[in-house]
Amino acid sequence: MILDFSHDERYYFIKRTVREFCEKVLGPTAEEVDRAQEFSWDNAKKMGEMGFWGIQVAPEYGGAGLDTITYAMIIEEIARISASESLSVTVHNSVCAYPIQRWGTDKQKAKYLPKLASGEHIGCFSLTEPNAGSDVASIETTAREVEDGYVLNGNKVFVTNGGVGSTFLIGAMTAKSAGIKGLTIFILEKGMKGFIVGKHENKLGMRGSNTSELIMNEVMVPRENVLGQVNGGFKIAMETLNAGRIGIAAQAVGIGQAALELSSSYARKRKQFKRPLTAFQAISFNLADMLTEVEMARLLVQRAAWKKDNHKPYAKDAAQCKLVASEVAMKATTKAIQIFGGYGFIKDFPIERFFRDAKVTEIYEGTSEVMRIIIAQDLIGKLTR
Amino acid sequence: MKIITCIKQVPANSTIKIDQVTGHLVREATPAILNPLDKHSIELALEIKESREDVEVIAITMGPDQARLALLEALSMGADKAILLSDIKFAGSDTLATSYTLSIAIKKLMNDDDNYLITCGAQASDGETGHVGPQVAEELGIPSITGASRASLDGDVLLVTRGKQAGKLEQIKTRLPALVTVTKGVNKPRLPTLHGITHAFDEGALLSVWNAATIDADEEKIGMAGSKTKVSKMYTPEPKKENITLTGSPKEIASKLASMLKEKNYI
Ligand SMILES: Cc1cc2nc3c(=O)[nH]c(=O)nc-3n(C[C@@H](O)[C@H](O)[C@H](O)COP(=O)(O)OP(=O)(O)OC[C@H]3O[C@@H](n4cnc5c(N)ncnc54)[C@H](O)[C@@H]3O)c2cc1C
Ligand SMILES: Cc1cc2nc3c(=O)[nH]c(=O)nc-3n(C[C@H](O)[C@H](O)[C@H](O)COP(=O)(O)OP(=O)(O)OC[C@H]3O[C@@H](n4cnc5c(N)ncnc54)[C@H](O)[C@@H]3O)c2cc1C
């Protein structure tokens, strides 16, 4: 065997089960979750019963211990029905539970992972600040060393799950002058003194996912809550984002898949000039392009996931799949609205929601420009080596 | 005590293909699913298990190797063990041979212990005879209650509510051992969880495969040899009546429809 595109029975059984859950449980509430712009605790609880909050957490900590290829498939299935809920789930799993499992001490793992895996605690990962977006080195939040730990001060913005979270990974400067070599990741808990949730953002899309500001005012964090090494946070952050990007890319594939399914079934039913829209080549070629591009993006996601599972370097692959999948999601939802015509523009049909949800996949966990920088650096690095 | 839940793998109904020569279902060609009612019968077993301390749930099916997936589904939902009865000698079984085979497997499993309940679907979505449950009970010499819309177990007393004609319900009680067949209304089956699925698929030891020799089957009573019925022909009936298309304004269509229904005494 040189290359095998098949999956095992377990994979298909999980896919079928997750799809049934998403269609039955998340489907009926997806429109309302978007409209109300509220994280649904009710759905979160049901997703917890299914095991969605601990997809890759090791079984000894209460997770399902699945591989990244299966993980990506689950995120895609959730996004196909309710993209904003797939955001809450992928951030929790891939940029909170995953780094704790990978770099945490035994004590940290035992303390945080079981509650994260069950969904009793929702997890967050926060680097972005008002003056530090793509440029992580400009982080201004400081961590001042004191006798038994660190005192954190600063403001974080755009924190997914910020307002509903209990476990927070926060990037702060332990050595300000050292730039990225002075970054440390801390585990903060809801309710720590001086740690408060600020504004809840009003968003274009992903409205069922909570995005909040976090304010730290003299927050005392014990030394045992440092994740990995002091001043070693940049490496953790970058590797965490590599993993996270596979989840975001899978989410984008799910959005593209939804756009494809919604618009192709609409085109088959809608008649103009006495023929279904699918009889017009202008429409059917667009559907053909959507199908091909969605499958292309999915293959890139699976390659990156396979490399991660097999412990091969995958930073470039993760950037590529996120770059492609997010652009495919934008194109597919744009074409889908065109196929729906005026009906695509009104809120009676879910396609406008997917269109709004798609855009941010080109922005968070690194913008498309940043993805191109990573891919180019990998390419040029190899050329000069 | 043990709860034995008999499950059947059936073709996903939209894709059934019939072999024009033999009149049999072409099973290999169609995607297979767990018989929908059997999900309710597994759920009933699991609900009873969760309400007391002493229950072990065992799913059992007679079928080809691919029926393994139906058992894995039962294990994913929470059954403790699963048994696949698979042997080329079982091929061609009608409901009588199927029931005989299931019943001797259950005898072997219970090993003279009388403390058990059997749950079945009221019927399978393909064969749809509804024979297998009651026939298994008959083979075992135990009472059976069919078509349960509610069922519960109190000590060793099984209490079942079932529909009678004209919308009436009746309640029946029996002592274990007993067999019950269930309808859709009995409960809402759970979906397997990710943990359940990984447990089922990764713990190979939960599923055993038994053949005719394992259960000491009488070769005259199994498979084609043990089947008293033979399918002579299977076909898709031709639609007999023409469709009627009503035209006019919605109001006219509605009143035409109403008078047609009245004419036929439907309303
Ligand atoms: C008209 C007819 C056509 C048939 N065609 C074929 C054919 O094409 N190919 C073929 O292989 N067989 C065929 N059979 C025979 C056989 O496989 C039956 O399908 C089988 O005996 C079950 O009968 P049923 O489907 O009516 O189940 P029912 O009696 O309606 O099933 C009720 C319940 O019994 C239990 N049960 C049924 N079957 C099993 C099983 N195998 N293992 C465990 N539990 C079970 C389940 O709980 C199920 O919900 C046919 C039988 C009939 C009567
Ligand atoms: C809904 C939502 C959820 C989010 N969740 C989280 C979260 O959970 N945790 C978290 O830490 N952050 C989160 N973010 C923040 C997100 O990761 C940032 O918005 C993103 O990294 C971009 O940063 P910025 O918004 O400051 O844009 P900037 O960095 O200011 O970028 C603006 C534009 O300039 C481009 N640009 C910047 N630098 C370069 C360059 N060197 N070369 C070429 N182009 C460049 C960018 O690509 C972009 O187009 C979230 C954002 C949103 C909208």
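Basis of the calculations
Residues numbered from 1 in each chain as written. Chains lettered and ligands numbered in written order. Predicted model: local features only at pLDDT ≥ 70, side-chain atom pairs only at ≥ 80, totals over all residues. Heavy atoms only, no water. Core = buried A, V, L, I, M, F, W, Y, C linked by side-chain atoms within 4.5 Å. Buried < 20%, exposed > 50% of the residue type's maximum accessible area, 1.4 Å probe, protein only. Helix = DSSP H or I, 4+ residues; strand = E, 2+ residues; numbered from the N terminus. Contact = heavy atoms within 4.5 Å. Near = heavy atom within 4 Å. Polar contact = N/O pair within 3.5 Å; in protein donor to acceptor, adjacent residues only side chain to side chain. Nonpolar A, V, L, I, M, F, W, Y, C, P; charged D, E, K, R; others polar. Domains from an automatic or database assignment. Phe/Tyr/Trp six-rings, centres within 6.5 Å; stacked < 30°, edge-to-face > 60°. Lys NZ or Arg CZ within 6 Å of the ring centre and 35° of its normal.

J.: Mind laying out the nonpolar core, listing which residues take part and the relevant values?
T.: Phe-52, Ile-74 and Leu-127 of chain A together with Leu-158 and Leu-194 of chain B are the most contacted members of the largest nonpolar core, which totals 136 residues. Top element by residues in this core is helix α6 (residues 233–269) of chain A. It accounts for 16 residues. Once residues lying within four places of it in the same chain are set aside, the contact partners of Leu-127 of chain A are Ala-132, Val-136, Ile-139, Lys-156, Gly-171, Leu-183, Ile-185, Ala-237 and Leu-241 of chain A.

J.: Account for the site of ligand 2, with residues named and values stated.
T.: All names here are of chain A. In the neighbourhood of ligand 2, 18 residues make up the surrounding shell, with Thr-128, Ser-134, Phe-158, Thr-367 and Glu-369 lying closest. At a separation of 2.7 Å, a nitrogen atom of ligand 2 approaches a polar side-chain atom of Thr-160. Within the side chain of Thr-367, one N or O atom sits 2.6 Å away from an oxygen atom of ligand 2. Put simply, the parts of the chain that give the shell around ligand 2 at least two residues each are β1 (123–126), β3 (149–160) and α10 (368–384). Counting residues per element, the shell around ligand 2 draws most heavily on β3, at three residues. Of the residues in the shell around ligand 2, the class split is eight nonpolar, seven polar and three charged. Three or more residues apiece are contributed to the shell around ligand 2 by two domains, here domain 2 (124–232) and domain 3 (234–383).

J.: Any chance you could break down the packing of aromatic side chains for me, citing the residues and the numbers?
T.: Under the counting rule described, the total for this entry stands at twelve aromatic pairs over all chains. Ring centres 4.2 Å apart and planes at 15° place the aromatic pair Tyr-266 of chain A and Phe-340 of chain A in the stacked group. Here Tyr-266 of chain A is found in helix α6, whereas its partner Phe-340 of chain A is found in helix α8 (residues 315–340), with 74 residues between them in sequence. Summarising the burial analysis for this pair, Tyr-266 of chain A and Phe-340 of chain A share the class buried. Here the aromatic rings of Tyr-343 of chain A and Phe-349 of chain A are separated by 5.9 Å at their centres, their planes lie at 75°, and the arrangement is edge-to-face. Linked through ring pairs, Tyr-266, Phe-340, Tyr-343 and Phe-349 of chain A together constitute an aromatic cluster. A cation over an aromatic ring shows up here: Lys-308 of chain A above the ring of Tyr-98 of chain A, its NZ or CZ 4.5 Å from the ring centre. When the ring centre of Trp-210 of chain B is taken as origin, the NZ or CZ atom of Lys-108 of chain B, which lies over that ring, is 5.6 Å away.

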